[in-house]
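Here are the chains, one letter per residue:
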Amino acid sequence: MTDAPSPIQISQVVLGEEVEQLVLDVLRSGRLAQGPMVERLEAGFCDIAGTSHAIAVNSGTTALVAAIEALGIGPGDEVITSPFTFVATLNAILEAGATVRFVDIGSDFCIRPDLIEAEINDRTRAIMPVHLYGLAADMNPILDIASDANLAIIEDAAQSHGATYGDRPVGNFGIGCFSLYATKNLTTGEGGIVTTNDDAIADRLRVLRNQGMRARYEYVLAGHNWRLTELQAAIGIPQLATLAAATEARSANAAALTAGLDDIDGFMLPCPHEGRGHVWHQYTVRVGPNASIRRDELAAHLTAAGIGNGVYYPRVVFDYDCYRNHPQVTAAEVPEAFATAEQVLSLPVHPGLDSADIDRIITAVRRAFA
Ligand SMILES: *Cc1c(COP(=O)(O)O)cnc(C)c1O
């Protein structure tokens, strides 16, 4: 009898020898807090987002809070965002003291630009599109709406390092907020990056990050400790050079999954969006009402077959008592987000998969529907 093949994980962290060496260099240097490694990581991120500034902070959530605060948005102000996202998007707006308003999503899982205008009022200050699963939100109409209504754009690009819309990378359309959490496409364990082309915003972010201090003991703002460590930066730096290849591997895996799964009734695969470069943080399918099994049955079948999978996200982000009763949360009619939360399932697509893994995933999905 042969052993059962080992389970395929939904995400996998693979760090090479260069990471080990650079982390060792930091340990031996004696300099652990924000310094030259953080600067190197920031310089590399300017290239990824195509921006003139990148400011490293201690998490993606902090990046979002920092962007909101750097814009001077706070209590009494409103931010419009997607109801179908990780909870950090919502928590960041609440932490900054602002009120959140939700606009339903489209078939790209991102905010629907044509529904945004109806939610704008005198208190609205920013639109926060989420580039979900590695796909950019539909930015052109969002840019038009923001410029007509004089609103800032804060991009939640936590899942979309290197994704593009037209010829521009995400993080380049307003203030970009990236996460470097363990499961993201580029990781430092915990960490975040804010990107901007605005010199004044960049300056404010750097000052806010370091206790509001411009020069030693010269405090110009009530600030924070949002700093990243040298150790974390050292984990991230070698990945700057390998991100493009890792994204290509994700892309090839996504194409192989699509080729193997595109003929199952009621089973909807992620469809290509013209002009948007997907970076496949997740490969997310929908099990529609006409499929022969429900989403949760497919998930259970895959888990039993040793295929990692995940529901991102099982509920609309404000659909919890702690948010429904929250004074800064405006509940909304978002039927597409509710339907999507019941139907989505993400399959492994990470660069650590080989073609045998892809075949196992395809076979297991097909068996579940057979
Ligand atoms: C991961 C994530 C965040 C938060 O990033 P952290 O680094 O975990 O704080 C924010 N928004 C989205 C959409 C995310 O996926």
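Data block above holds the structure.
A look at the pairing of strand E8 (residues 175-179)
Then, number 1: When you tally the buried positions in E8, you get 5 out of 5 residues, the bulk of the element.
Then, number 2: By the alternation rule, side chains of E8 split into Ile175, Cys177 and Ser179 and Gly176 and Phe178, which are all buried.
Then, number 3: With 3 bridges connecting them, strand E5 (residues 152-156) and E8 associate as parallel partners. If you follow Asp156 over to E8, its bridge partner there is Cys177.
Then, number 4: Inspection of the sheet shows E8 paired to strand E9 (residues 192-196) by 4 bridges, in the antiparallel sense. Bridging from a neighbouring strand, Phe178 pairs with Ile193 of E9.

Concerning the environment of Gln282
Then, number 1: Structurally, Gln282 is set in the loop between strand E13 (276-277) and strand E14 (283-287).
Then, number 2: In sequence terms Gln282 and Gln159 are 123 residues apart; their C-alpha atoms lie 8.5 Å from each other.
Then, number 3: What Gln282 contacts, discounting residues up to four positions off in sequence, is Ile10, Tyr133, Tyr312, Ser346 and Val349.

Side note on the sheet that holds strand E7 (residues 168-169)
Then, number 1: Taking strand neighbours across the sheet as the criterion, the 3 strands line up as E7-E6-E13 in an open arrangement whose pairing is antiparallel. The open sheet has two free edges, formed respectively by E7 and E13, since each of these has just one partner strand.
Then, number 2: The pairing of strand E6 (residues 164-165) with E13 spans 2 bridges and is antiparallel. Among the inter-strand pairings, Tyr165 is bridged to a residue of E13, identified as Arg276.

Some words on the packing of aromatic side chains
Then, number 1: Taken as a whole, this structure holds 12 aromatic pairs when the rule is applied.
Then, number 2: For the ring pair Phe84 and Tyr133, a centre distance of 6.5 Å and an interplane angle of 85° mean the geometry is edge-to-face. Of this pair, Phe84 sits in the loop between strand E2 (78-81) and helix H4 (87-95) while Tyr133 sits in the loop between strand E4 (124-128) and helix H5 (139-149), and the two are 49 residues apart along the sequence.
Then, number 3: Seen from their ring centres, Tyr312 and Tyr313 are 5.9 Å apart, and the 65° between their planes marks the pair as edge-to-face.
Then, number 4: Among the residues examined, Tyr312 registers a relative accessible area of 23% and is labelled partly exposed.
Then, number 5: Judged by its relative accessible area of 13%, Tyr313 falls in the buried class.
Then, number 6: Of the aromatic side chains, those joined through ring pairs into one cluster are Phe84, Phe86, Phe109, Tyr133, Tyr312 and Tyr313.
Then, number 7: Against the face of Phe173 rests Arg168, its NZ or CZ located 4.2 Å from the ring centre.

As for the site of the ligand
Then, number 1: In the vicinity of the ligand, 15 residues are found, and the nearest of them are Gly60, Thr61, Asp156, Ser179 and Lys184.
Then, number 2: For the ligand, an oxygen atom lies 2.8 Å from a polar atom in the backbone of Gly60.
Then, number 3: Thr61 is positioned with one of its side-chain polar atoms (N or O) 2.5 Å from an oxygen atom of the ligand.
Then, number 4: The fraction of the free accessible surface of the ligand (380 Å²) that becomes covered by protein chains is 93%.
Then, number 5: Within the residue set of the shell around the ligand, elements represented by two or more residues are helix H3 (60-70) and H4.
Then, number 6: A breakdown of the residues in the shell around the ligand according to their chemical character gives 5 nonpolar, 8 polar and 2 charged.

Let's talk about the packing of H3 against helix H6 (residues 199-209)
Then, number 1: At their nearest, the axes of H3 and H6 sit 10 Å apart, and the two run at 120° to each other. By the angle class used here, H3 and H6 are oblique. The chirality of how H3 crosses H6 is right-handed. On H6, the residues that touch Ala66, Ala67, Glu69 and Ala70 of H3 are Ile201, Arg204, Leu205 and Leu208.
Then, number 2: When the residues that make up the contact of H3 with H6 are grouped by side-chain class, the tally is 6 nonpolar, no polar and 2 charged.

Things to note about H4
Then, number 1: Listing the buried residues of H4 in full gives Ala88, Thr89, Leu90, Ala92, Ile93 and Leu94.
Then, number 2: One or two steps after H4, the chain reaches Gly97, where phi turns positive at roughly 90°.

Side note on the pairing of E4
Then, number 1: Taken across its 5 residues, E4 has 4 buried, putting it largely inside the fold.
Then, number 2: Here 4 bridges tie E2 to E4, and the two strands are oriented parallel to one another. From the neighbouring strand, Glu78 faces E4, where its bridge partner is Thr124.
Then, number 3: In the sheet, E4 pairs with E5 via 2 bridges, with the strands oriented parallel. Residue pairing in the sheet places Ala126 in a bridge with Ala152 of E5.
Then, number 4: For the crossover from E4 across H5 to E5, the handedness is right-handed.

The rules we used
Residues numbered from 1 in each chain as written. Predicted model: local features only at pLDDT ≥ 70, side-chain atom pairs only at ≥ 80, totals over all residues. Heavy atoms only, no water. Buried < 20%, exposed > 50% of the residue type's maximum accessible area, 1.4 Å probe, protein only. Helix = DSSP H or I, 4+ residues; strand = E, 2+ residues; numbered from the N terminus. Pairing = 2+ DSSP bridges. Contact = heavy atoms within 4.5 Å. Phe/Tyr/Trp six-rings, centres within 6.5 Å; stacked < 30°, edge-to-face > 60°. Lys NZ or Arg CZ within 6 Å of the ring centre and 35° of its normal. Near = heavy atom within 4 Å. Polar contact = N/O pair within 3.5 Å; in protein donor to acceptor, adjacent residues only side chain to side chain. Areas by Shrake-Rupley, 256 points an atom, 1.4 Å probe, with all protein chains shown as cover. Nonpolar A, V, L, I, M, F, W, Y, C, P; charged D, E, K, R; others polar. Axes fitted to C-alpha atoms, helices over the stretch in contact; angles between N-to-C directions. Parallel < 35°, antiparallel > 145°, perpendicular 65-115°, else oblique. Left-handed = near helix turned anticlockwise from the far one by under 90°. Right-handed = clockwise from strand over helix to strand, strands pointing away.

Fair warning: the whole summary comes from geometry, so function is off the table for now.
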